[in-house]
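Report on the structure
Listed here are the chains, written in short residue letters.
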Amino acid sequence: MDYNVLIGGAAGQGIDTLSYIIEKTLKRCGLYVFSMKDYMSRVRGGHNFIQVRFGDKPIHSHDEKFDAIIALDEDTVNLHSKSLKPSGKLILDKSISDNDTYLSFDFKAVAKECGNPRVLGTAAVGVLLKLFGIPLDVSHTVLDDEFKGDVLNANIKAIDAGYSMAKQIFNVPLGKKDDNIYISGNEAIALGAIAAGVKFYSGYPMTPSTSVMTYIAKKSHDAGIVVEQVEDEISAINMALGASYAGVRAMTGSSGGGFALMVEGISLAGITEIPIVITEVQRPGPATGFPTRTEQGDLRFIIHSGHGEFPKMVISLRSPEDAFYQTARAFNIADKYQIPVILVSDQYLADSGVTVKPFDFTKVTIERHISGHEALENGVYKRYKLTQSGISPRIIPGKVEGATVLIDSDEHDEFGHITESEDVRVKMVNKRMKKFKLLKEEVQEPLFMGAENPDILITCWGSTYGPVKEAVDMLLKDGMSVGALSFGDIWPFPTKLIKKYGKFAKMIIDVEQNATAQLDSLMRENALIKADEHILKYDGRMMSSRYIYERVREMTRSSSLY
Amino acid sequence: MNTAFETYETAWCPGCGNFGILNALKDALTELGLKPHQVVIASGIGQAAKMPHYINVNGFNGLHGRALPPATAINIVNKDLKVIIDSGDGDTYGEGGNHFIHAIRRNANIAHFVHDNQIYGLTKGQASPTTAKGQKTSLQFDGVILDPVKPIKLALTMGAGFVARSFSGNYEHLKKMMKEAIMYDGYALLDIFQPCVTFNKVNTFKWYNDRVYELPDDYDYTDLDNAFKVADEWGDRIPIGIIYKVEKPTYIDNISFLKDGPPLVDAKLDPMMAEKYLDDFR
Ligand SMILES: Cc1ncc(C[n+]2csc(CCOP(=O)(O)OP(=O)(O)O)c2C)c(N)n1
Ligand code: SF4
């Protein structure tokens, strides 16, 4: 059983704080929560909303029908009241509408009584919590963590007042113990990086990637990490490469446009063989695109980022939990192969909050692959020593007496010196490309969900994992033979499972948040498998499980399969 | 003079002003008692930027215009290393102009040597940001129509704590300036006149020799107003020497765990130390 609520209003009306109070309260009641943000690229005005879904089982995506809506403005009423379920309730201040099918209250008067006009929304939250029978004292603990002094008192008064104004109508099965955490995709990336020992993060703010940097910055003093806001993304990647060369784990990140500026630096990481982890939190492009919306339009660009040919790894992130572990893994892979590893996320995952089991920090390992004196031959160090594996021993500048480390963006010999030799060029290209072969062994196959050997195979990557997972469950309940492959590691492209399931399936439906089915093109290119149908959405809004479910039903109805 | 900083075969034209800079640098490092593994030279792309290949120290020969960001990070990550940048005027003031401005603000501990030949050498003679207005080049056939960048003045305006100029044709002076810049705590700009004998037929050894003069011993380099006046001197007489020098907190001074703790590169990594942050999400 799960419920779904929406809080809508103009930017600046505080819906972020209100939904946060709701989310944290529900979570602390032992419920599973999933929240999704829809916001505009402006600081005041406009229309923003947050959807919060909750229940007694893990939730992986948002839904489109609501049990309750808090409307802080008229726009919310006009845009969303039609999405209320028949039993759904719309909560608002009576000055917005006095339609008596709504739950309208004089929140303004309540706020006045509490001594702070800004707590109007908190009173509405009180009403909402009462509708669902959520214990009031839990919400107090959340307010207690958020506010201090007079502001705290006003908020507590307001939530209590709201609570006493309504009657419970829904029966939420409250959990008993609250072990879980509630975290967003970007926070999970940041936490994964800190666990992995990142010591240097350079970045330039760009929605929706910024909060990765913000969370690391918050912990920087405690964890001893330097976070530098740089002049541009070109500086960001070049600084991170300098830090990594000098011996620490370094990271940078951005969204599409900023990542575009980093591309020459990715190529530099390629030829200099400096390990680096980069996150690309996608938003719709081209150029500045749709700044606060979601899309999966950059996959092929990311895979091909950097001029010339060199190995890199691209990992797409499915969920906050996946983001945490994969970020930590990315650092080990970058260090092991001395390559750039790019983590691909998007606004949906970045901003969505999800209840998950606490991350297991004992599962995070730190494998640096750094050498010392033993890397010298007769007292001499070759940074680009030609080896069987293509991986050269890496030492840290200044750490081995008598040895110096030279890296070079030009083609170079084993010592790192510029070369014009065709023979050395071929050897160095081969050396780097050997690592690509090893990487292919390292790659994790996509996650399979659903019926074994299904007639209908759904393919997807990254953050569509949640909606697809839930859609598969709905389709299985209808008795359909359906399964899905959710790609995480995506470059080098893993081919085993797609070949196995793809050959067997009667229909392959590729599901992506873009217009050109980029995953499908990779399947064709690398595994000679192609999708029969596509569910593509590129209006900047994430597809829900319901959306996928309905499209699959339509497609299978019109085919002879079902 | 020494073998620790042995040089390698270079790809510079015979007679190039870069040789004077290489010789002075080798000797400056030796006289400062530094060992090769304690020094890093970062550079961009260009003739000047090939320096890390011609001297035995740690080297980060990165991208055109991008020497400053990695150099800054190298200093932040390992304060025990002496970080030097050797790069051209195009690299520094053109492609890397934005980094130049912000590197001064960061004030990391870097000695930045700009080989200012007032031309693009490696790409064969196009104008650089410091090429004189009106000068004809292999690309600006009718002469440069833009006003040149004034590196010294720009650095002063941005608040750099160490701003100096020298000349590749004056070994003793150059070596002294290099040592001063390397020993300075913070970002130190040393703009070095470096004749490009192949592509710049105007700013030759003779042209500089006829004009440069050393700032007198009693010149007060802590006086900013004076420094601005000196920075504006250009034409028949061009001053070389420390134009401005004051003490300023460095990037590292501003972050307590960097200042008081061991270098970041020596930090112990332990995933379990981050587990407590889970409380933020409960
Ligand atoms: C991004 C990029 N743009 C252009 C070039 C080509 N390029 C190489 S060196 C150079 C100019 C070098 O001039 P300067 O920095 O003054 O150094 P010099 O060769 O005179 O020592 C240019 C334009 C490049 N390598 N990379
Ligand atoms: S082109 Fe000019 S700067 Fe380059 S090596 Fe030759 S003389 Fe020196």
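Bear in mind the structure is a predicted one, so any value in this text is a computation, not a measurement.

Conventions and cut-offs
- Residues numbered from 1 in each chain as written.
- Chains lettered and ligands numbered in written order.
- Predicted model: local features only at pLDDT ≥ 70, side-chain atom pairs only at ≥ 80, totals over all residues.
- Heavy atoms only, no water.
- Helix = DSSP H or I, 4+ residues; strand = E, 2+ residues; numbered from the N terminus.
- Buried < 20%, exposed > 50% of the residue type's maximum accessible area, 1.4 Å probe, protein only.
- Contact = heavy atoms within 4.5 Å.
- Expected span 1.5 Å × (residues − 1).
- Arc of directions from axis to C-beta.
- Polar contact = N/O pair within 3.5 Å; in protein donor to acceptor, adjacent residues only side chain to side chain.
- Buried area = accessible area lost by both parts, 1.4 Å probe.
- Salt bridge = Lys/Arg side-chain N within 4 Å of Asp/Glu carboxyl O.
- Pairing = 2+ DSSP bridges.
- Axes fitted to C-alpha atoms, helices over the stretch in contact; angles between N-to-C directions.
- Near = heavy atom within 4 Å.
- Nonpolar A, V, L, I, M, F, W, Y, C, P; charged D, E, K, R; others polar.
- Right-handed = clockwise from strand over helix to strand, strands pointing away.
- Left-handed = near helix turned anticlockwise from the far one by under 90°.

Okay, the environment of F361 of chain A next. Considering the arrangement of structural elements, one finds F361 of chain A in the loop between β14 (353-356) and β15 (406-408). Overall, the relative accessible area of 0% leaves F361 of chain A in the buried class. Sequence spacing of F361 of chain A and S220 of chain A is 141 residues, and the spatial spacing of their C-alpha atoms is 19 Å. Beyond its immediate sequence surroundings of up to four residues, F361 of chain A is in contact with L191, A195 and F324 of chain A together with P271, M272, A274, E275 and L278 of chain B.

Moving on, we come to helix α15 (residues 422-442) of chain A. All names here are of chain A. Here α15 contains 21 residues, and its C-alpha end-to-end distance of 31 Å stays within 8% of the 30 Å for a straight helix at 1.5 Å per residue. Looking only at α15, the buried set comprises M428, K431, R432, K435, F436 and L439. Viewed along the axis of α15, the buried residues span an arc of 150 degrees, placing them on a single side of the element. Seen from the open side of α15, the exposed residues pointing more than 90 degrees away from its buried face are E422, K437 and E441. Buried residues in α15 make contact with α11 (256-272), β12 (313-316), α13 (320-337) and β19 (489-491). In this structure S421 caps α15, since a side-chain oxygen of it lies 3.2 Å from the backbone nitrogen of D423.

Once that is clear, we can look at the interface of chain B and chain A. Across the boundary between the two partners, chain B contributes 50 residues, which contact 71 residues of chain A. Summing both sides of the interface, chain B and chain A together bury roughly 4,900 Å²; the carbon and sulfur share of this comes to 64%. If you sort the residues of chain B by the area they bury against chain A, Y277, F281 and R282 of chain B come out on top, with a joint share of 15%. On inspection of chain B and its partner chain A, the count reaches six salt bridges. The partner of K219 of chain A in a salt bridge is D280 of chain B, and the shortest N-O contact between them spans 2.9 Å.

Moving on to the sheet that holds strand β6 (residues 103-105) of chain A. Residues and elements named next belong to chain A. In space, the eight strands of this open sheet follow the order β6-β5-β4-β1-β3-β2-β14-β7, with mixed pairing throughout. Edge positions in the sheet fall to β6 and β7 (181-184), since each of these pairs with one other strand and no more. Direction aside, neighbouring strands of the sheet carry axes that sit 20 degrees apart on average. Pairing of strand β2 (residues 32-38) with strand β3 (residues 45-55) involves seven bridges; the strand directions are antiparallel. When the bridges of β3 are listed, V33 appears paired with F54.

Around ligand 2 sit W12, C13, C16, N18, Q47, N117, Q194, C196, V197, T198 and F199 of chain B, and that is every residue in its neighbourhood. Per-class residue counts for the shell around ligand 2 are six nonpolar, five polar and no charged.

Quick look at the pairing of strand β10 (residues 249-254) of chain A now. Residue and element names in this part refer to chain A. In terms of burial, β10 is largely enclosed, as six of its six residues are buried. Of the two faces of β10, the one carrying R249, M251 and G253 and the one carrying A250, T252 and S254 are both buried. Here strand β8 (residues 198-203) runs beside β10; their pairing, made up of three bridges, is parallel. Across the sheet, Y201 pairs through a bridge with M251, a residue of β10. Where β10 lies against strand β11 (residues 276-282), four bridges are found, and the strand directions are parallel. Residue pairing for β11: G253 is matched across the bridge by T279. A crossover links β10 with its parallel partner β11, the connecting element being α11, and its sense is right-handed.

We now examine the packing of helix α7 (residues 185-195) of chain A against α13 of chain A. Each pair of packed helices can be described by the angle between their axes along with the distance between the axes. Residue and element names in this part refer to chain A. Relative to each other, α7 and α13 sit at 30 degrees, their axes nearing to 7 Å. With respect to the hand of their crossing, α7 and α13 are arranged in right-handed fashion. Two secondary-structure elements touch here, α7 through G185, A188, I189, L191, G192, A193 and A195 and α13 through P320, A323, F324, T327, A328 and F331. Residue composition of the contact of α7 with α13, grouped by class: ten nonpolar, three polar and no charged.

Right, let's talk about the pairing of strand β18 (residues 482-487) of chain A for a bit. Residue and element names in this part refer to chain A. Counting buried positions over the six residues of β18 gives six, a clear majority of the element. Of the two faces of β18, both are covered, the one formed by V482, A484 and S486 as well as the one formed by G483, L485 and F487. Sheet topology note: the strand β16 (residues 447-450)/β18 ladder contains four bridges and is antiparallel. Within β18, the residue paired with L447 across the bridge is S486.

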